[in-house]
Amino acid sequence: MNNPQTSEQQLTRTERLDRLPVTRKHKKLLVGSGVGWALDAMDVGLVSFVIAALAVHWDLDKTTTSWIASVGFIGMAIGASLGGLLADKIGRRQVFALTLLIYGIATGASALSVSVGMLLVFRFFTGLGLGAELPVASTLVSEFAPRKVRGRMVVWLEAFWAVGWILAAIIGTFVVAEGENGWRWGLALGAVPAAYALYIRMKIPESVRFLEEKGRHDEAEAIVQDLEEGVDPADYDTTPAPPAEEHTDGGIWSKPMWRRTLAFWIVWFCVSLSYYGAFTWIPSLLVDQGFTLVRSFTFTLIITLAQLPGYAMAAWLIEVWGRRITLAVFLAGSAGAAVFYGLASSEWQIIAAGCLLSFFNLGAWGALYAIGPELYPTAIRATGTGAAAAFGRVGSICAPLIVPPLLVFGGQAVVFSVFASAFAIAAIAAFTLPEQKGKVLD
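Not measured: the values here are computed from a predicted model.

**Structural notes on the nonpolar core**
1) Next: Counting residues in each nonpolar core, the largest one holds 142 residues, and the members touching the most others are W161, L331, W365 and F416.
2) Next: Broken down by element, this core gets its largest block of residues, 19 residues, from helix α16 (residues 381-430).
3) Next: Beyond its immediate chain neighbours, meaning those up to four positions away, W161 contacts W37, D40, A41, V44, L134, Y275, Y276, Q307, Y311 and L362.

Structure follows, in structure tokens:
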């Protein structure tokens with residue numbers, strides 16, 4: 001169809017993207033990216049069940065199991081930084097497919113491990129691919145989403161994380177817990193992303209904004225025309241857009257950018273520390289409290305289900321309240337839920353507190369991934385989101401390692417009070433981020 005016109009001049013390609021309604025092709029892009037996201041979450045979630053099982057079957061101490069979790073996060077920290085840089089150089093789609101391939105193969109290979117050392121090596125490469133994929137996928141979806149629902153679409157992308165974690169909980173409960181080699185079968189299922197990477201490479205289009213940044217205008221035009229095909233002109237959003245931010249040349253630490261980068265990194269670090277510290281250890285902590293592997297994993301499955309309504313609420317509020325207030329409120333709720341979990345003792349208290357922690361924490365993750373790509377111009381967008389994710393992974397590396405000494409020092413209450421404090425600091429930092437609701441991406 002013909003390009004939509006204003007009364008004065010032809011719209012730019014990015015304006016044409018922003019005025020589109022959500023079409024079947026947008027949904028296909030969201031689901032295509034989201035399935036990869038869910039497979040990532042399934043892998044991360046499985047580790048919490050695997051280390052609980054290996055602690056029983058291989059008689060591992062908490063320090064060793066902590067390193068099994070942390071080595072993956074070391075890989076994620078490196079991968080997030082490199083993935084963002086590569087995505088700004090060679091494209092979002094290529095990096096997305098490559099990282100899925102790397103972590104899918106490494107996860108499948110982890111199932112063959114015959115020693116802790118061998119498992120640690122494969123878990124590092126798994127983390128390398130996983131860490132690079134997540135910020136790239138959110139950047140890609142953010143750059144395609146219509147302006148009016150951009151934040152909501154990224155939250156829905158992040159909601160696929162809950163789907164993957166639920167799958168991990170199901171596999172943990174019904175596969176990992178069933179026998180001495182159950183953990184191997186669980187990890188073997190992680191090889192699925194290797195095949196899915198080929199589909200990603202063929203079906204998902206490259207970012208129009210990236211193509212324009214690289215001067216590949218014919219390719220960008222073909223993709224925009226494909227998205228416009230079949231759309232009724234009456235369905236275009238003609239609401240005047242707030243002006244895009246004026247960006248000067250420079251990196252994420254340049255004078256116009258450094259304050260938001262600092263606040264963004266603080267939020268990422270604190271959320272990663274608390275989330276991975278809590279959810280990596282919950283199955284093992286339940287076993288320590290006297291619950292069987294099966295019962296511990298069943299509790300974790302129930303707690304995980306609360307992630308979905310958390311995402312749904314965040315997806316609605318982010319376009320009503322805005323990014324900053326939504327993120328801060330969900331982080332504050334996470335702090336309160338962490339305190340509750342630290343004091344929980346009976347079964348109903350554990351489940352209730354865990355569900356609240358899932359609800360608020362995963363809603364906060366959705367808002368965090370939505371706000372990230374909006375903070376930076378196209379030339380450094382993936383770099384900015386990837387660098388923040390990489391710094392956040394330092395928190396996730398530390399998280400599994402600090403839990404054993406904190407347990408010795410003061411038990412579960414002290415562990416979760418530390419996580420609650422980190423959530424509170426993140427909520428304060430979130431208030432200093434600029435509000436980007438409805439604004440045009442440059």
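**A look at empty space enclosed by the protein**
1) Next: Following the criterion strictly, the structure yields five cavities of 30 Å³ or more and no others.
2) Next: Approximately 110 Å³ is the volume found for the largest cavity.
3) Next: If you go around the largest cavity, you meet 15 residues; those closest to its centre are V44, V47, A69, F73 and R123.
4) Next: Secondary-structure elements contributing two or more residues to the lining of the largest cavity are α2 (24-57), α3 (62-90) and α5 (116-144).
5) Next: Ranked by residues supplied to the lining of the largest cavity, first place goes to α3 with five residues.
6) Next: Looking at the lining of the largest cavity residue by residue, the classes come out as eight nonpolar, five polar and two charged.

**Description of the packing of α2 against helix α11 (residues 258-288)**
1) Next: Put simply, α2 and α11 touch, their axes get as near as 7 Å, and they point 40 degrees apart. As the angle between them shows, α2 and α11 are arranged oblique. Considering the relative orientation of α2 and α11, their crossing is right-handed. Every residue of α11 that contacts α2 at V44, S48, F49, I51 and A52 is listed here: Y276, F279, T280, P283 and S284.

**Things to note about α2**
1) Next: Between its terminal C-alpha atoms α2 stretches 48 Å, which fits the 50 Å expected from 34 residues at 1.5 Å a residue.
2) Next: Burial analysis of α2 places 26 of its 34 residues in the buried class, the great majority of the element.
3) Next: Looking one or two residues past α2, D59 carries a phi angle of roughly 55 degrees, positive in sign.

**A few points about the state of the cysteines**
1) Next: Evaluation of the coordinates by the stated rule reveals zero disulfides.
2) Next: Summary of cysteine pairing: C398 is not part of a disulfide, and the nearest cysteine sulfur, belonging to C270, is at 11 Å.

**Observations regarding the pattern of salt bridges**
1) Next: Inspection of the entire model under this criterion finds 18 salt bridges.
2) Next: Where R13 meets E221, a salt bridge forms, and the shortest distance between an N and an O atom there is 2.9 Å. Highlighted residues: R13 in helix α1 (residues 13-19) and E221 in helix α10 (residues 217-228), separated in sequence by 208 residues.
3) Next: E221 sits in the buried class, given a relative accessible area of 15%.
4) Next: A salt bridge links D237 to R147, with the nearest nitrogen and oxygen atoms 3.5 Å apart. Of this pair, D237 sits in the loop between α10 and α11 while R147 is found in the loop between α5 and α6 (150-176), placing the two residues 90 residues apart along the sequence. Across this residue pair, the class does not change: D237 and R147 are buried.
5) Next: Each of R13, R16, E212, E221 and E228 takes part in salt bridges that share partners, so that together they form one network.

Calculation rules
Residues numbered from 1 in each chain as written. Predicted model: local features only at pLDDT ≥ 70, side-chain atom pairs only at ≥ 80, totals over all residues. Heavy atoms only, no water. Core = buried A, V, L, I, M, F, W, Y, C linked by side-chain atoms within 4.5 Å. Buried < 20%, exposed > 50% of the residue type's maximum accessible area, 1.4 Å probe, protein only. Helix = DSSP H or I, 4+ residues; strand = E, 2+ residues; numbered from the N terminus. Contact = heavy atoms within 4.5 Å. 1 Å grid on protein atoms, 1.4 Å probe; cavity = no way out; pocket = protein on both sides within 12 Å on 5 of 7 lines; lining within 4 Å. Points joined across faces, edges and corners; volume = space filled by probe spheres on them. Nonpolar A, V, L, I, M, F, W, Y, C, P; charged D, E, K, R; others polar. Axes fitted to C-alpha atoms, helices over the stretch in contact; angles between N-to-C directions. Parallel < 35°, antiparallel > 145°, perpendicular 65-115°, else oblique. Left-handed = near helix turned anticlockwise from the far one by under 90°. Expected span 1.5 Å × (residues − 1). Disulfide = S-S within 2.5 Å. Salt bridge = Lys/Arg side-chain N within 4 Å of Asp/Glu carboxyl O.

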